[in-house]
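Chain by chain, the residues:
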Amino acid sequence: PPLDVVKSWAEEDRARFGQAEVRELAGNRGRGLISRQMLGVGEVVIRDRPLVAMQHTFSQRLSPCCLCCFRMIGNLEEHLRRILSNGGRPLEAFPSVLGHTHLHHPQLDALVAAAGEGGGSSCSSDSGIGSSSSSSADPHVGCSGRGSTGDTSGGKQKFVCPMRFCGAAFCSSECREQALSKGPHRVLCLDLSLDSRRRESWSSFCAHARTHHENFLLAAEAYAWAISSVVYGDLTVEHAREELLALQNEPWHELPDARSHLLSRGIGSEASREDGQEKRLRIMQESLMLLTDALLPGYSDPSLGLASLFEEDFFARLLGQFDLVNVSIEFGNPLGIRLQRALANPSDELSSLAETFRTSGLLHELRRVVACMQEGDADIDDDDDDDESLPPFLGIGLARAVALMNHSCEPNCEVDFGVDAVVLLRTLRPVAQGEELNISYIDEDGPLGERQAKLRAEYRFACSCSKCCREAAKALLAQRQSSMGMVAPSACPAKRRRANPSEVPAVVFASYAEQSEEEELGVVSTEDDDEEDDEEEEDVGEDADDDASEAAAERERTFRIRSCNNHVSAGMRMR
């Protein structure tokens with residue numbers, strides 16, 4: 001989409017973008033975020049509430065959260081019962097814990113949104129966040145999946161969805177009212193309740209998504225957000241489409257990891273004759289058909305123009321965008337964090353409760369359930385104080401400000417979370433005004449070859465950040481010295497071309513990229529080259545040395561030409 005569509009986000013929502021602005025970057029690097037001012041270490045640059053987000057299915061079974069803002073809800077006993085319901089032993093099997101006087105300690109109740117004191121929500125009115133797909137996925141599963149307990153518990157009011165088949169819970173009346181009045185939940189719960197046939201199609205869609213790819217559920221959230229914004233808001237369909245596809249996207253079935261993805265999900269096998277992309281396309285088409293049957297008939301007015309949302313190319317690109325730019329959401333359970341601190345400190349007021357978790361065997365059972373282990377499958381270290389006793393929130397979301405950030409293997413920012421799904425972008429080092437803000441898409445501590453291979457395979461670009469250039473230069477210099485019979489750089493100073501500093505990244509990186517492609521070895525092993533040179537070129541003469549020097553110079557001229565093509569065709573990730 002045009003740059004002004006993306007820039008409008010920053011202009012209309014300065015609170016979201018904070019000290020960052022959107023710019024077109026030089027060198028065919030697409031769009032990126034630039035710091036508006038000097039920043040210190042640990043500063044929060046961006047607070048980005050995802051446009052759409054969802055809690056992973058397994059996380060839903062373990063951690064009760066507000067459907068709207070994803071804050072943890074419920075008291076400690078409710079969390080324990082939720083986790084243990086996925087195993088074979090109820091909380092009653094641990095009477096020393098169930099009868100402990102601190103099980104409902106005020107400190108613990110104050111740590112979570114107690115499913116309802118009211119007014120405690122951090123959910124903003126335009127967030128659009130919150131997954132309804134699981135809560136209303138099945139009229140027989142929703143209540144147990146979302147913890148639809150009664151309206152009161154321990155004297156505290158509960159806020160649950162009023163629809164019988166839903167069971168979604170909220171941290172406050174504000175979150176509940178927002179979900180019921182607009183956003184995905186209104187479309188996927190209230191509107192679906194009006195038509196039993198559509199509700200059946202919705203259940204079939206969710207079952208298909210849980211079998212094949214969970215991102216189909218997130219796509220349904222995005223569709224529900226768009227429908228709600230058009231039908232109950234003031235957005236046009238064209239605007240809603242632009243908002244959803246304003247980031248890097250490719251058709252999902254054409255992404256480079258199509259075959260491995262299908263195999264990893266148990267959908268195909270090596271013996272299958274069906275091409276991986278064709279299989280992915282077929283699965284995607286099945287999902288779109290079920291989603292169309294569930295949603296579109298409820299908004300059949302041609303003047304709304306909603307049919308364009310259900311075109312195959314739009315659905316495919318939305319899914320592809322999710323795979324390319326979505327952020328993984330993870331934050332700890334505040335109850336588990338507090339108990340872990342008490343377990344490590346015998347003088348803590350809650351240490352007796354935490355120790356009872358351990359001595360009663362409850363801690364072992366909790367960790368076994370979370371790890372999806374059968375009894376006796378593996379040893380669990382109950383003395384590991386670094387392992388939280390209660391599982392964290394795990395989810396995924398489309399955080400548009402963070403998704404605009406480019407990659408660096410030497411990032412100046414990292415993604416963090418607090419007590420809900422709001423993405424916090426924090427600086428890792430001082431950042432100058434006008435400097436690009438970047439994060440790492442991968443594990444930046446890996447070797448150069450592994451990093452480049454992963455980025456090419458998953459994101460279709462080759463990184464030329466300062467760290468990659470330094471490491472590539474070091475590897476190339478060692479290789480060239482070895483091939484020319486040079487012991488050290490000072491051994492043959494006249495025969496080494498001194499590159500202009502401004503040329504070094506392009507020259508070094510292009511030559512490294514060519515060698516890694518041709519040899520498929522990543523970083524050149526200088527030790528192997530040294531051994532081969534010792535065996536094959538023990539008596540290299542002056543003429544051979546001159547020939548090698550001329551050949552190296554010719555390669556460098558070729559590399560400079562290739563570097564332009566590398567940056568255009570496989571350069572930095574385009575936004």
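Just so it is clear, the structure is predicted and the values come from calculations on it, not from any experiment. (Residues numbered from 1 in each chain as written. Predicted model: local features only at pLDDT ≥ 70, side-chain atom pairs only at ≥ 80, totals over all residues. Heavy atoms only, no water.)

*Asks:* An account of the overall build of the protein is needed here, citing residue identities and associated values.
*Replies:* Across its full length, the protein holds 24 helices and 14 strands. Once local pairs closer than 6 in sequence are excluded, the contacts in the protein between residues at least 24 apart make up 73%. Total accessible area on the protein is roughly 25,500 Å²; 48% of this is exposed by carbon and sulfur atoms. (Helix = DSSP H or I, 4+ residues; strand = E, 2+ residues; numbered from the N terminus. Contact = heavy atoms within 4.5 Å. Areas by Shrake-Rupley, 256 points an atom, 1.4 Å probe, with all protein chains shown as cover.)

*Asks:* Describe the pattern of salt bridges, listing the residues and the values that go with them.
*Replies:* Counted under the stated rule, the structure contains 18 salt bridges. For Glu 250, the salt bridge identified is with Arg 460, shortest N-O distance 2.7 Å. Of this pair, Glu 250 sits in the loop between helix H12 (237-244) and helix H13 (258-264) while Arg 460 is found in the loop between helix H20 (448-459) and helix H21 (466-483), placing the two residues 210 residues apart along the sequence. Two residues, Arg 368 and Glu 365, come together in a salt bridge whose shortest N-O distance is 2.7 Å. Here Arg 368 and its partner Glu 365 are both found in helix H18 (residues 362-370), three residues apart, which amounts to about one turn of the helix. Each of Glu 77, Arg 81 and Glu 92 takes part in salt bridges that share partners, so that together they form one network. (Salt bridge = Lys/Arg side-chain N within 4 Å of Asp/Glu carboxyl O.)

*Asks:* Tell me about the sheet that holds strand E10 (residues 393-397), and please be specific about residues and values.
*Replies:* One open sheet accounts for three strands, arranged E4-E10-E9; its pairing is antiparallel. At either margin of the open sheet sits one strand with a lone partner, and together these are strand E4 (53-55) and strand E9 (327-331). With direction set aside, neighbouring strand axes in the sheet form an average angle of 25°. Where helix H11 (residues 215-231) meets the sheet, it contacts E4 and E10, and its direction lies at approximately 135° from that of E4. (Pairing = 2+ DSSP bridges. Axes fitted to C-alpha atoms, helices over the stretch in contact; angles between N-to-C directions.)

*Asks:* Lay out the pairing of strand E12 (residues 413-417) with the relevant residues and their values.
*Replies:* Across five bridges, the pairing between E12 and strand E13 (residues 423-427) is antiparallel. Within E13, the residue paired with Val 415 across the bridge is Leu 425.

*Asks:* Explain the sheet that holds strand E3 (residues 44-48) residue by residue, including any values.
*Replies:* Where strands meet in a sheet, backbone hydrogen bonds hold them as pairs that are either parallel or antiparallel. The three strands are arranged E3-E13-E12 in an open sheet whose pairing can be described as antiparallel. The open sheet has two edge strands, E3 and E12, and neither has a second partner. Taken over all neighbouring pairs, the strand axes of this sheet differ in orientation by 25° on average, direction set aside.

*Asks:* Break down the nonpolar core for me, with residues and values.
*Replies:* Ranked by size, the top nonpolar core spans 115 residues in total, and within it Leu 76, Leu 80, Tyr 223 and Phe 357 carry the most contacts. Per-element tally for this core: the top contributor is H11, with 12 residues. Setting aside residues no more than four positions away along its own chain, Tyr 223 makes contact with Leu 288, Leu 291, Leu 295, Leu 309, Phe 310, Glu 311, Phe 314, Phe 315 and Leu 318. If you look at the next biggest cluster of nonpolar residues, it comprises 17 residues, including Cys 68, Cys 161, Ala 169 and Cys 171. (Core = buried A, V, L, I, M, F, W, Y, C linked by side-chain atoms within 4.5 Å. Buried < 20%, exposed > 50% of the residue type's maximum accessible area, 1.4 Å probe, protein only.)

*Asks:* Got a sec to walk through the confidence of the model for the protein? Specific residues and values, please.
*Replies:* On average, residues of the protein carry a pLDDT of 76, and 68% of them reach 70 or more. When mean pLDDT is compared element by element in the protein, helix H5 (residues 95-98) scores highest at 96, while helix H7 (residues 142-146) scores lowest at 34. In the model, residues 134-155 has pLDDT below 50 throughout and makes 52 contacts with residues more than four positions away in sequence or in other chains. (pLDDT = per-residue confidence, 0-100.)

*Asks:* I'd like a rundown of the environment of Met 72, residues and numbers included.
*Replies:* Relative to the elements of secondary structure, Met 72 occurs in the loop between helix H3 (57-62) and helix H4 (76-84). Given the relative accessible area of 3%, Met 72 is considered buried.

*Asks:* Outline the side chain of Asn 412, supporting the account with residue identities and numerical values.
*Replies:* Tracing the chain through its elements places Asn 412 in the loop between strand E11 (406-407) and E12. Among the polar contacts listed, one links the side chain of Asn 412 to the side chain of Glu 435, at a separation of 3.3 Å. At 2.8 Å, the side chain of Asn 412 forms a polar contact with the backbone oxygen of Glu 436. Once residues within four sequence positions are removed from consideration, Asn 412 is found in contact with Arg 426, Thr 427, Leu 428, Arg 429, Val 431, Glu 435, Glu 436, Leu 437 and Asn 438. (Polar contact = N/O pair within 3.5 Å; in protein donor to acceptor, adjacent residues only side chain to side chain.)

*Asks:* Just give me the short version of unusual backbone geometry, but keep the residues and values in it.
*Replies:* Not every positive phi belongs to a glycine, and Phe 70 is a case in point at roughly 70°. Note on placement: Phe 70 falls in the loop between H3 and H4. Here Phe 70 falls in the buried class, since its relative accessible area comes to 0%.

*Asks:* Help me get a handle on the state of the cysteines, residues and values and all.
*Replies:* Counted by the stated rule, this structure contains zero disulfides. Between Cys 66, a cysteine without a disulfide, and Cys 171, which holds the nearest cysteine sulfur, the sulfur-to-sulfur distance is 3.8 Å. According to the relative accessible area criterion, Cys 66 is buried, its value standing at 0%. Between Cys 465, a free cysteine, and Cys 463, which holds the nearest cysteine sulfur, the sulfur-to-sulfur gap is 3.4 Å. (Disulfide = S-S within 2.5 Å.)

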